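Below are the chains, spelled out letter by letter.
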Amino acid sequence: MSGLSPDAVELLGEHGLTAHQWAQLNGARGQWTGDVCGCPDPRCVGSHHDAGEACRCLPVLIAELIRDGSTLAPV
Ligand SMILES: [Zn+2]
Ligand SMILES: [Zn+2]
């Protein structure tokens, strides 16, 4: 699975999510269309935060997903 940075994959993993699941939930037709940091906005790096800086969107999105619970698709 390409398109997500190792940091993003690691953070997802800490919450029991795979890059594949994240793409299913936030990408288009199972393909990741967002930025490497894990934000569904493909212009996140350089727009929401600087390159090399931790993404502030991804932890929030993961927390929302976990709070909802029901939106988690099967692998
Ligand atoms: Zn973002
Ligand atoms: Zn980001």
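Residues numbered from 1 in each chain as written. Chains lettered and ligands numbered in written order. Predicted model: local features only at pLDDT ≥ 70, side-chain atom pairs only at ≥ 80, totals over all residues.

**Here we look at the overall build of the chain**
Next, step 1: Scanning the chain from terminus to terminus reveals three helices and zero strands.
Next, step 2: In the chain, the succession of α and β elements from N to C terminus is α-α-α.
Next, step 3: When burial is assessed residue by residue, the chain has 19% of its 75 residues classed as buried.
Next, step 4: Long-range pairs, those at least 24 residues apart, make up 38% of the contacts in the chain between residues at least 6 apart in sequence. (Helix = DSSP H or I, 4+ residues; strand = E, 2+ residues; numbered from the N terminus. Buried ≥ 20, exposed ≤ 12 C-beta atoms within 10 Å, placed from the backbone. Contact = placed C-beta atoms within 7 Å.)

**Digging into unusual backbone geometry**
Next, step 1: Phi is positive for Arg29, close to 50°, though the residue is something other than glycine.
Next, step 2: Here Arg29 shows up in the loop between α2 (19–26) and α3 (57–68).
Next, step 3: Looking at Arg29, the number of C-beta atoms within 10 Å reads 7, which means it is exposed.

**So, the environment of Gly27**
Next, step 1: The topology assignment puts Gly27 in the loop between α2 and α3.
Next, step 2: In this structure, the C-alpha to C-alpha distance between Gly27 and Cys39, residues twelve residues apart in sequence, is 9.9 Å.
Next, step 3: Sequence-distant contacts of Gly27, defined by excluding residues within four places in its chain, comprise Trp32, Thr33 and Gly34.

**What about the packing of helix α1 (residues 6–14) against α3?**
Next, step 1: Relative to each other, α1 and α3 sit at 25°, their axes nearing to 11 Å. It follows that α1 is roughly parallel to α3 by the angle criterion. The element α1 and its partner α3 pack so that their crossing is right-handed. Taken together, the residues of α3 that come into contact with α1 (itself represented by Ala8, Leu11 and Leu12) are Leu58, Pro59 and Ile62.
Next, step 2: Split by residue class, the contact of α1 with α3 holds six nonpolar, no polar and no charged. (Axes fitted to C-alpha atoms, helices over the stretch in contact; angles between N-to-C directions. Parallel < 35°, antiparallel > 145°, perpendicular 65-115°, else oblique. Left-handed = near helix turned anticlockwise from the far one by under 90°. Nonpolar A, V, L, I, M, F, W, Y, C, P; charged D, E, K, R; others polar.)

**Topic: the nonpolar core**
Next, step 1: If you look at the biggest cluster of nonpolar residues, it comprises eleven residues: Leu4, Ala8, Leu11, Leu12, Trp22, Ala23, Trp32, Cys37, Cys39, Cys55 and Leu58.
Next, step 2: Secondary-structure elements contributing two or more residues to this core are α1 and α2.
Next, step 3: At three residues, the largest contribution of residues to this core is made by α1.
Next, step 4: Residues contacting Leu4, with those up to four places away along its chain left out, are Val9, Ala19, Trp32, Val36 and Gly38. (Core = buried A, V, L, I, M, F, W, Y, C linked by C-beta atoms within 7 Å.)

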